[in-house]
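An overview of the molecular structure
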Amino acid sequence: MLINNEQLKVLALTHAQLNSNGLSPVSCERADGFVFAWVTRCKWQVDIIYTEGTIWAGPWADGVGLPVNVIHVSPTDLIFQSESFRFQIKFYLRALKFKQFFLLLIERFYSQMCFYFPLPKLPFFKARLWANKVVRKLHTDYDLIFVSSGRGDEYLLETGYRLSKLISAPLVIDFRDLFSEHHDKSRFNEVQRRNFKNFELKVFKRTLLISTPQAQDVELLSAYATPPVVQVPHSYYILPEWEQNLEAPTEFVVSYAGKLYSDSDGYKLFLDFIKIINSKYKKVFFKVFTNEVNVINTDIKKYDLTNISVFSWQTPDLIWREMRKSRLSLIYNSSVAEGRNLLPTKAIMSAATGNSVLFLFSYYDKAVAGFLATYNCGGQFTTIDKAIEWFEELYKKSDLTIKQINLSLPERMEVGYNFGLSIEMALRN
């Protein structure tokens, strides 16, 4: 029960990755933005668990500028190796490394037991062992444990659940992506979804509040989750220095920043769009920042595309500067099944640049339509012909100036603060 004016103490697993790559920049930015608002505006005390050796992405790289206490914890010895299981067995036996040998056997056994998680994934057994290691680093009581979890970070739910039991603190879970109700139909089969939902129900028994950015996911979760579910929308966050010394654009650039989703219908539309623009406009250029550089470079050669530069994922400030200089941000649909209306995370940041946004979707998305109707910042098209027509009108009207930031969009600090108020209300109840 929360007492008025009492300073909340929060343990955040926002950087508790057992994967050396850490969370995606988008996940880190969302989670760190909440924490920043809670510390600076709600006046909470927040400790963050940081796994040594992982990449801390987002605006607060390596935790710099995030006013929290960072608890460093080295990951457990149980790790998946790139070599085969048989090779590892022989290696540990020959090297007389019996501890690693037995841990490997335990990990192998448990990973096979966790049949409802697509392998290779970090098994939940590792998350349990790691929770026991984390709890030994704690020297205070906490009012709640915050878990921010997206696709590929399922084990964080297990870590949070174990820590919740060990230190008797409730969970607050922010789902960037749902799991048992995941929008990618190929993610799990029906048996896996059923088993995963049973796991979620177990975790929800120790959960105070659930949040998700998507209105449709609020409805899906509310149908079976016992804790209250609130929508905490996507938002943008811009550090003042990102806007300093901005270079004016010298050419018409279309930018894309995000995962490639190379197996999606939207990606195929994206390639077709570039090819047609190449044939019609010799002075239109594309800049792509993505996670699968080799894949798109292969497709560029395959489809003989020109005027396109591809870069690996960069820091948020560099991507922001490039997006501000571009004349158009392009977003295509990922592997979301038709019928699931989900506004992409990148939509908010793209629209915040002040430039237009082209949503090139293989189906009509109601969430995207609602976003465009609210902020009047672009268009959504399901056919290349219509998208090209819209682009041609934009091209005629565009000039090479830096646009004003669209301040009407949700801002991260305000969204995080309101989220904090929702958590305090849940504690009082």
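Scroll up to find the structure this text is about.
Everything in this summary refers to the structure shown in the same document. Because the structure is a prediction, the values reported are computed rather than measured. For every chain, the first residue of the written sequence is number 1, and numbering continues from 1 onward in sequence order. Totals for whole chains, interfaces and linings use all residues, but because this is a predicted model, local features are given only for residues with pLDDT of at least 70 and pairs of side-chain atoms are given and counted only at 80 or more. Each side-chain value is worked out from all heavy atoms of the structure, with water and hydrogens disregarded.

**Structural notes on unusual backbone geometry**
Located in the positive-phi region is Asn 245, a residue other than glycine, with phi close to 55°. Relative to the helices and strands, Asn 245 resides in the loop between strand E7 (229-231) and strand E8 (252-257). The exposure class of Asn 245 is exposed, given its relative accessible area of 70%. In the Ramachandran plot, Asn 307 falls in the positive-phi region, its phi being about 55° despite a non-glycine side chain. By secondary structure assignment, the location of Asn 307 is in the loop between helix H9 (293-302) and strand E10 (308-312). Put simply, DSSP H or I for four residues or longer makes a helix, DSSP E for two residues or longer makes a strand, and each gets a number counted from the N terminus. Type-normalised accessible area, obtained with a 1.4 Å probe on protein chains alone, sets the label of each residue: buried when under 20%, exposed when over 50%, and partly exposed for intermediate values.

**A word on the environment of Asp 47**
Summarising the element assignment, Asp 47 is placed in strand E2 (residues 45-51). Owing to a relative accessible area of 4%, Asp 47 belongs among the buried residues under this scheme. Considered as a pair, Asp 47 and Val 68 are 21 residues apart in the sequence and their alpha carbons are 5.8 Å apart. Residue contacts for Asp 47: discarding those within four places in its chain leaves Val 10, Leu 11, Ala 12, Asn 69, Ile 71, Thr 140 and Tyr 142. Here the side chain of Asp 47 touches Tyr 142 through a polar contact of 2.5 Å, side chain to side chain. Contacts are assigned to residue pairs with any non-hydrogen atoms lying within 4.5 Å of each other. As used in this structure description, the phrase polar contact means that two N or O atoms lie within 3.5 Å; if the pair is within protein, one of them must be able to donate a hydrogen and the other to accept it, and residues adjacent in sequence are counted only when both atoms belong to side chains.

**Observations regarding the pairing of E10**
The pairing of strand E9 (residues 284-290) with E10 spans five bridges and is classified as parallel. Counted as the bridge partner of Thr 290 is Ser 312 from E10. Clockwise travel from the first strand over the helix to the second, with the strands pointing away from the viewer, marks a crossover as right-handed. As for the winding sense of the linkage, the β-α-β connection from E9 through H9 to E10 is right-handed. Paired strands, in this sense, are two strands between which DSSP finds at least two bridges.

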